[in-house]
Amino acid sequence: RALRFPPFAAVAVVSGEAASEWVAALRGVEVLGPDEGRWLVKAPDPGTLSDALAAVPRPERGTLRVAVDPPRL
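Being a predicted model, the structure only gives us computed values, none of them experimental. (Residues numbered from 1 in each chain as written. Predicted model: local features only at pLDDT ≥ 70, side-chain atom pairs only at ≥ 80, totals over all residues. Heavy atoms only, no water.)

### Details of the sheet that holds strand S2 (residues 30-35)
Convention followed: Strands qualify as paired when DSSP identifies two bridges or more between them. Elements are defined by DSSP. Helices are runs of H or I of four residues or more, strands are runs of E of two residues or more, and each kind is numbered from the N terminus. Only the stretch in contact is used when fitting a helix axis, every axis being a line fitted to C-alpha atoms; angles between N-to-C directions are given from 0 to 180 degrees. Contacts between residues were defined by any pair of non-hydrogen atoms, one from each residue, lying within 4.5 Å.
Spatially, S2-S3-S1-S4 is the arrangement adopted by the four strands of the open sheet, whose pairing is antiparallel. Every interior strand has two partners, whereas the edge strands, S2 and strand S4 (65-68), have only one. Across this sheet, the average inter-strand angle for adjacent strands is 20°, counted without regard to direction. Relative to strand S3 (residues 38-43), S2 runs antiparallel, the two being bridged by four bridges. If you follow Val31 over to S3, its bridge partner there is Val41. Here helix H2 (residues 46-55) sits on the sheet and contacts strand S1 (10-15), S3 and S4; the angle it forms with S1, its principal contact strand, is near 30°.

Any functional reading would require information that these geometric values do not contain.
What follows is the structure, given as structure tokens:
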């Protein structure tokens, strides 16, 4: 609970060539990283996480991977 990891928070892992620019545009969530080319995005609940991820347009170039509630962090 104190670390705000599931099930007490919603998380996503973002990676790919376009990830750094994309995560910089996220609002209303906590972004940690980069760590080995990956960013951890944390929100208090799934709705907040979903809204934040949906609000940022997908980059026109470069790969972007978003894993919501990944099996491993």
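So, next bit.
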